[in-house]
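Here is how the chains run, residue by residue.
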Amino acid sequence: MTAATEFAPAKINLALHVTGQQANGYHLLDSLVVFAGVGDALSVTSAERTSLTVDGPFSEGVPNDPRNLVWKALDRAGVTAQVALTKNLPHGAGIGGGSSDAAAILRAVGRPDLALGLGADVPVCLGAQPQRMQGIGDVLSDVADCPRFWLVLVNPGAHVPTMDVFGALSSKQNPPMDPMPEDGDWLAWLAAQRNDLQDPAIAYAPVIGDALAALGDAQLARMSGSGSTCFGIYEDEASASAAQARIAGTEPDWWVVATQTFGAGVS
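Fair warning: this is a prediction, and the values are worked out from it, not measured in the lab.

Visitor: Would you explain the packing of aromatic side chains in this entry?
Guide: Each aromatic ring pair is characterised by the separation of its centres together with the angle its planes make. Scanning all chains against the criterion turns up 2 aromatic pairs. Arranged with centres 6.4 Å apart and planes meeting at 90 degrees, the rings of Phe 58 and Trp 255 form a pair that is edge-to-face. On the criterion of sequence distance, the pair formed by Phe 58 in the loop between strand 3 (51–55) and helix 1 (69–77) and Trp 255 in strand 10 (residues 255–260) is long-range, its members being 197 residues apart. Taking relative accessible area as the criterion, Phe 58 reaches 23% and is therefore assigned partly exposed. Owing to a relative accessible area of 12%, Trp 255 belongs among the buried residues under this scheme. Ring plane angle 70 degrees and centroid distance 5.6 Å describe the contact between Trp 186 and Trp 189, whose orientation is recorded as edge-to-face. Of the two residues, Trp 186 and Trp 189 are both situated in helix 5 (residues 186–191); the distance of 3 residues between them amounts to about one turn of the helix. Grouping residues by exposure puts Trp 186 and Trp 189 together as buried.

Structure, rendered in structure tokens:
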């Protein structure tokens, strides 16, 4: 590797079912994951020693040392590099920002085989494709029929610790996702699914409920991951853009973005 640029897209859990918990504490999941056209940007250049610079609208508080998953990914690959990371995604927000960054590094250095063990979301973030994620994040299958969706992403600025949300989950043994639709009615299918972490996240940070309420004109609104980012599915670009403008106008301190998800074979 001499130099590479990578896009690290936001990961969206359109549905997230918690189906069990292993003896070691790891939770078992069943989730439909898609990726959106907004994300972080990384520039990776070979160097004798690893260094990491972070800029962008969400750079504050992001470590630029071995605590960062970017650095850990390089160490795991046995590679040293100079990395410039532009943080366009809020961190700790349920949209896989750090995991997507680490996956981008593994793509850049040609070591996608090292994703498992860096974090539950890193393997799924290797490819910007709709995927079903099961197990502890290690069982992945492509979802070729999943359509592209117009989304409005809303993050109200609350930081929700993932372990606290999982710990507050009343039941760890919940039904998996229903069989995926054969008739193409994905919106109706999604409406019948869940994010099992949504209620405990709202209990921890009630402003998440405010974000969902702000998406009340969407065809479907739900929280992604363990929070606090929520998404609304809209019919088309015009309606998504209108919702973005409306929410940004009433909540100027929130992160609000209209974007489209990638479909199968699109990256």
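Visitor: Explanation requested: the pattern of salt bridges in the structure shown.
Guide: Across all of its chains, the model carries 9 salt bridges by this definition. Its salt-bridge partner being Arg 132, residue Asp 30 comes within 2.8 Å of it at the nearest N-O pair. Taken together, the positions of Asp 30 in strand 2 (residues 27–46) and Arg 132 in strand 5 (residues 131–135) put the pair 102 residues apart, joining distant regions of the chain. For the pair shown, Asp 30 and Arg 132 are each scored as buried.

Visitor: How should I be thinking about helix 7 (residues 207–214) in this particular structure?
Guide: Since one α-helical turn is 3.6 residues long, residues separated by three or four positions face the same way. Restricting attention to buried positions, one finds in helix 7 the residues Ile 208, Ala 211, Leu 212 and Ala 214. Buried residues of helix 7 fall within an arc of 160 degrees about the axis and therefore sit on the same side. Looking at the packing, one finds that the buried side of helix 7 touches strand 7 (150–155), helix 6 (198–204), strand 8 (220–223), strand 9 (230–234) and helix 8 (237–250).

Visitor: What is the right way to look at the environment of Arg 132 in this model?
Guide: Between the C-alpha atom of Arg 132 and that of Arg 194, which follows or precedes it by 62 residues, the distance is 14 Å. Setting aside residues no more than four positions away along its own chain, Arg 132 makes contact with Asp 30, Ser 31, Val 139, Leu 140, Ser 141, Val 143, Met 177 and Met 180.

Visitor: Can you help me understand the nonpolar core in this one?
Guide: Generally speaking, nonpolar side chains in soluble globular proteins are found buried as a group. Within the largest apolar cluster, 59 residues are counted, with the highest numbers of intra-cluster contacts made by Leu 42, Val 83, Ile 105, Val 152, Val 154, Leu 197 and Ile 247. Discounting chain neighbours no more than four positions away, the residues touching Val 83 are Leu 42, Ser 43, Val 44, Ser 51, Leu 52, Thr 53, Val 70, Leu 74 and Ile 105. Of all hydrophobic cores here, the second largest spans 26 residues; its members include Val 34, Val 143, Leu 153 and Trp 189.

Visitor: When you look at the side chain of Asn 68 in this model, what are you seeing that I'm missing?
Guide: Looking at where Asn 68 falls in the secondary structure, it is placed in the loop between strand 3 and helix 1. When its relative accessible area of 8% is taken as the criterion, Asn 68 is described as buried. With near-sequence residues (within four places) excluded, Asn 68 lies in contact with Leu 52, Val 62, Pro 63 and Leu 85.

Visitor: Just checking my understanding: could you explain the pairing of strand 1 (residues 3–21) for this structure?
Guide: Two faces make up the sheet, and in a regular strand the side chains alternate between them. Across the 19 residues that make up strand 1, a large majority, 14, are buried. Bridge count for strand 1 against strand 2 is 16 bridges, and the pairing is antiparallel. Residue pairing in the sheet places Gly 20 in a bridge with Leu 28 of strand 2. Here strand 1 hands over to strand 2 after 5 residues, with Gly 25 in that stretch at a positive phi of 100 degrees.

Rules behind the numbers
- Residues numbered from 1 in each chain as written.
- Predicted model: local features only at pLDDT ≥ 70, side-chain atom pairs only at ≥ 80, totals over all residues.
- Heavy atoms only, no water.
- Phe/Tyr/Trp six-rings, centres within 6.5 Å; stacked < 30°, edge-to-face > 60°.
- Helix = DSSP H or I, 4+ residues; strand = E, 2+ residues; numbered from the N terminus.
- Buried < 20%, exposed > 50% of the residue type's maximum accessible area, 1.4 Å probe, protein only.
- Salt bridge = Lys/Arg side-chain N within 4 Å of Asp/Glu carboxyl O.
- Arc of directions from axis to C-beta.
- Contact = heavy atoms within 4.5 Å.
- Core = buried A, V, L, I, M, F, W, Y, C linked by side-chain atoms within 4.5 Å.
- Pairing = 2+ DSSP bridges.

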